Amino acid sequence: MSKELDVSWFDLSKYDELASMDLNGWCYLLEVRQFIVSKVWENAGMDILPMIKELQEYPILMFNDNRRGFFSSRTLDALRVYPFNTYSVYSTPAIHVWQDREWEAESAENGNELFQKIWKQCEVFERHSTPEQDAPIYVPYDFLYQQTTNSFENGLQTNVTVDLTATDEQILSDFQHWLTEYRKATGYESNKNNFSDKDFDEWRKYQLLPYIDLTLSRDIEGKKITNAKIASLIFKETDDPVGALRTTKKKAEWLLRRKTLEAIEAQIGALKGN
């Protein structure tokens, strides 16, 4: 059996429909590929090879245009009962606090008592006499999760307290400062601007989806294909295909990140709610 990846299925014309694809479409196509990259299917005992074969034949799959992104329809509608809530900024609902408490209890049962130690210190707060003793109770609530999971990946949403006695100008200025510095502290960066047709044009220009499909096929089938071969397939009309591929590789890795997909889903949710 050949160790080289069979690319007889590959045809750039299969990706022509990307020219008319909107954000919903791109989101769905990326979700399918992100699912493969995440390897969730391994734990579920799924055979992913048939999905790869389907992608090779029909890389532009059909999708449901009524999708709402990360939030389910039920959740988004429930949040929007309150007119001050938006997709990306909303008052922390009771169920979030309940879920946190459930997680804390489960964490304690598994031997992690960090939260319990903090709560005990909060109980005796008034008796403390030094800033050093009080310091642990002022640790950002979300940072406690980082300490227990060693990852901010579960912190896609965060808790923020706003002092409504301040002026709108002050609140907006302070929120911008908090957002900038909090992103730095957590390393959770996102796009500063919404995705637009300009982004879609760039993704098509650099052949990001064809590159992703070739590399996914390589990885799932356990075959080999050189960068030079990939470059010759997707940049036939380019003077320096290997050079162009280096840019494509970097952009494709960014596009296929879970964080990028979450930003796309958030934008879709906001658009659906308008």
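Our structure is the block above this text.
Rules of the game
- Note that residues are indexed from 1 along each chain, following the sequence as it is written.
- Given that this is a predicted model, residues contribute local features only at a pLDDT of at least 70 and side-chain atom pairs are listed and counted only at 80 or more, while totals for whole chains, interfaces and linings are drawn from all residues.
- Side-chain metrics in this entry use all non-hydrogen atoms of the structure; hydrogen atoms and water are not considered.
- Counting from the N terminus, the helices are DSSP H or I runs at least four residues long and the strands are E runs at least two residues long.
- Each residue is placed in one exposure class: buried if its accessible area under a 1.4 Å probe, protein chains only, is under 20% of its type's maximum, exposed if it is over 50%, and partly exposed if it falls in between.
- Whether two residues touch is decided by their heavy atoms; if any such pair falls within 4.5 Å, the residues are in contact.
- Using a 1.4 Å probe, accessible areas were evaluated by the Shrake-Rupley method; residue-level cover was limited to the displayed protein chains.
- The definition of a polar contact used here is a pair of N or O atoms within 3.5 Å, where within protein one atom must be able to donate a hydrogen and the other to accept one, and adjacent residues in sequence count solely through side-chain atom pairs.
- Simply put, an axis is a line fit to the C-alpha atoms, just over the touching stretch for a helix, and the angle between two N-to-C directions goes from 0 to 180 degrees.
- Oblique is the label for every angle not falling under 35 degrees (roughly parallel), over 145 degrees (roughly antiparallel), or within 65 to 115 degrees (roughly perpendicular).
- In this scheme the crossing of two helices becomes right-handed for a clockwise turn of the near helix relative to the far one and left-handed for an anticlockwise turn of less than a right angle.
- Just so you know the grouping, Ala, Val, Leu, Ile, Met, Phe, Trp, Tyr, Cys and Pro go in nonpolar, Asp, Glu, Lys and Arg go in charged, and all remaining residues, Gly too, go in polar.

**So, the overall build of the protein**
Part 1 of the argument: If you tally the helices and strands in the protein, you get 14 helices and 0 strands.
Part 2 of the argument: Along the protein, helices and strands appear, N-terminal first, in the series α-α-α-α-α-α-α-α-α-α-α-α-α-α.
Part 3 of the argument: Put simply, the protein has 274 residues, and 33% of those count as buried.
Part 4 of the argument: Across the protein, contacts joining residues at least 24 apart in sequence account for 69% of those joining residues at least 6 apart.
Part 5 of the argument: Looking at the protein as shown, the accessible area adds up to about 17,600 Å², and 51% of this sits on carbon and sulfur atoms.

**Remarks on the side chain of E221**
Part 1 of the argument: Summarising the element assignment, E221 is placed in helix α11 (residues 208-221).
Part 2 of the argument: In terms of polar contacts, E221 uses its side chain to reach the side chain of K53, at 3.3 Å.
Part 3 of the argument: Leave out the neighbours within four places in its chain, and E221 touches L5, L49, I52, K53 and Q56.

**Describing the packing of helix α3 (residues 49-57) against α11**
Axes are the key here: two packed helices are described by the angle between their axes and the distance separating the axes.
Part 1 of the argument: Relative to each other, α3 and α11 sit at 150°, their axes nearing to 10 Å. One element, α3, and the other, α11, form an angle in the roughly antiparallel class. Crossing of α3 over α11 shows left-handed handedness. Across the interface between the two elements, L49, I52, K53 and Q56 of α3 pack against L216, S217, I220 and E221 of α11.
Part 2 of the argument: Partitioning the contact of α3 with α11 into residue classes produces 4 nonpolar, 2 polar and 2 charged.

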